[in-house]
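Each chain, written out:
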Amino acid sequence: MNYILGLDCSTKGTGWCIIDKDNFNLIDSGCFKVDPSKERDTLKRIEIMMNGILDIVNKYNPCQIVEEDVTPSIQNSMTVKQLATLKGCAYGIALTHKIPIAFILPNVWQSALGILKSKGSTKEQSINWTNNKYNTNFIYKSEGSKFNDDDICDSINLVSYYL
């Protein structure tokens, strides 16, 4: 199968999806979540995310990985450092499994799909875009809700843009 693994990585929740490159069908998706109040060690959370990604790679054997790139930010340099570490883990998995990997900045794929800050919540727009495109029922509760499925939808939309 020609599966593409999409990743929207963070140290609290990494959204992922598997999309069939040949027919654009959404095969599977999910989110690895770690509650930072229960696991305060960022490196341990990164390890959990990395192991989850590795499990998906081993299960689906994707021919391509597409990951949301890290947006540089001086104001949040610690977050950028943590995300860059997680990005390096995904890159290492791709290299050891000989899977090509592409990194795409969030503003690039979002603007291409019409997901714009000027239109309101980008989380809500991302979820709505996925639900409309793939006839799914991902959830948007409110902007700060931990029940939003935006991490999963961002990974799906990232791959949709890539294809």
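Refer to the structure presented above.
Each chain carries its own residue numbering, running from 1 in the direction its sequence is written. Local features in a predicted model are, by the rule used here, given only for residues with pLDDT of at least 70; side-chain atom pairs are given and counted only at 80 or more, and totals for whole chains, interfaces and linings are based on all residues. To obtain the side-chain values, all non-hydrogen atoms of the structure were included, while hydrogens and water were left out.

Chemist: Please clarify how the sheet that holds strand S1 (residues 3-8) should be interpreted in this entry.
Modeler: Neighbouring strands of a sheet are bound in pairs by backbone hydrogen bonds; such pairs are parallel or else antiparallel. Following DSSP output, two strands are said to pair if at least two bridges run between them. Helical segments are the DSSP runs of H or I of at least four residues, strand segments are the runs of E of at least two, and each set is numbered from the N terminus. A sheet is described by the order of its strands in space; here five strands give the open sequence S3-S2-S1-S4-S5, paired in mixed fashion. Edge positions in the open sheet fall to strand S3 (26-33) and strand S5 (101-104), since each of these has one partner strand only. Strand-to-strand twist of the sheet, defined as the mean angle between neighbouring strand axes without regard to direction, takes the value 15 degrees. Examined bridge by bridge, strand S4 (residues 64-68) and S5 share four bridges and lie parallel to one another. Bridge pairing in S5 links Glu68 to Ile104. Whether two residues are in contact is decided by their heavy atoms, any of which lying within 4.5 Å being enough. Between N-to-C directions, angles cover 0 to 180 degrees, with each direction set by a line fitted to C-alpha atoms, over the stretch in contact for helices. Its contacts with the sheet put helix H2 (residues 77-96) on S1, strand S2 (13-20), S4 and S5, and the angle it makes with S5 is roughly 155 degrees.

Chemist: Looking at this structure, how should I read helix H4 (residues 122-134)?
Modeler: In an α-helix there are 3.6 residues to a turn, and that puts residues three or four apart on one side. Expected helix span is given by 1.5 Å per residue-to-residue step, counting one fewer step than there are residues. Taking 1.5 Å of rise per residue, the 13 residues of H4 would be expected to cover 18 Å, and the 18 Å separating its terminal C-alpha atoms lies within 8% of that figure. Only protein chains enter the accessibility calculation, which uses a 1.4 Å probe; a residue is then buried when its area is under 20% of its type maximum, exposed when over 50%, and partly exposed in between. All of the buried residues along H4 are Thr122, Gln125, Ser126, Ile127, Thr130, Asn131 and Tyr134. In this structure, the buried side of H4 is in contact with S2, S3, helix H3 (106-112) and helix H5 (150-162). You can read the cap of H4 off the contacts: a side-chain oxygen lies 3.3 Å from the backbone nitrogen of Lys123, and it is on Ser121. Counted as a polar contact is a pair of N or O atoms within 3.5 Å, where, for protein atoms, one must be capable of donating a hydrogen and the other of accepting one, and residues adjacent in sequence contribute only when both atoms are in side chains.

Chemist: Got a minute to help me understand the environment of Thr42 in this structure?
Modeler: One can find Thr42 in helix H1 (residues 42-60). Separated by 40 residues in sequence, Thr42 and Gln82 have C-alpha atoms that sit 7.6 Å apart. If we ignore the near neighbours within four places in the chain, the residues touching Thr42 are Thr11 and Gln82.

Chemist: I would appreciate a short explanation of the packing of H1 against H2 in the present structure.
Modeler: How two helices pack is summed up by the angle between their axes together with the distance between the axes. Packing of H1 against H2 brings their axes to within 10 Å, and their N-to-C directions diverge by 30 degrees. Classed by the angle they form, the pair H1 and H2 counts as roughly parallel. H2 is crossed by H1, and the crossing has right-handed handedness. Contact residues: H1 offers Thr42, Ile46, Met49, Met50, Ile53, Leu54 and Val57, while H2 offers Gln82, Thr85, Leu86, Cys89 and Ile93. By the definition adopted for this analysis, an angle is roughly parallel if under 35 degrees, roughly antiparallel if over 145, roughly perpendicular if from 65 to 115, and oblique otherwise. A crossing counts as left-handed when the near helix is turned anticlockwise from the far one by less than a right angle, and as right-handed when that turn is clockwise.

Chemist: Help me out: how do you make sense of the packing of aromatic side chains in this one?
Modeler: Remark: the centre distance and the inter-plane angle together describe each pair of aromatic rings, the angle taken between the planes. Working definition: rings of Phe, Tyr and Trp (its six-membered ring) pair if their centres are within 6.5 Å, and the pair is stacked with planes under 30 degrees apart, edge-to-face with planes over 60 apart, and tilted otherwise. Applying the stated rule across the entire model yields three aromatic pairs. For the ring pair Trp16 and Phe32, a centre distance of 6.1 Å and an interplane angle of 20 degrees mean the geometry is stacked. Of this pair, Trp16 sits in strand S2 while Phe32 sits in strand S3, and the two are 16 residues apart along the sequence. Side by side, Trp16 and Phe32 carry an identical accessibility label, which is buried. Ring centres of Tyr91 and Phe103 lie 6.3 Å apart, and the angle between their planes is 50 degrees; this geometry places the pair in the tilted category. Taken together, the positions of Tyr91 in helix H2 and Phe103 in strand S5 put the pair twelve residues apart, joining distant regions of the chain. Tyr91 sits in the partly exposed class, given a relative accessible area of 40%.

Chemist: Would you mind showing me how to read unusual backbone geometry here?
Modeler: Trans is the prevailing form of peptide bonds, just as negative phi is the prevailing case for residues other than glycine. Positive phi values are uncommon outside glycine, yet Phe24 reaches one of about 65 degrees. In this fold, Phe24 is placed in the loop between S2 and S3. By relative accessible area, which is 44% here, Phe24 ends up partly exposed. The backbone of Asn135 sits at a positive phi, close to 55 degrees, despite the residue not being glycine. With respect to the helices, strands and loops of the structure, Asn135 is situated in the loop between H4 and H5. With relative accessibility at 70%, the residue Asn135 sits in the exposed group.

That is the geometry; function is a separate question.
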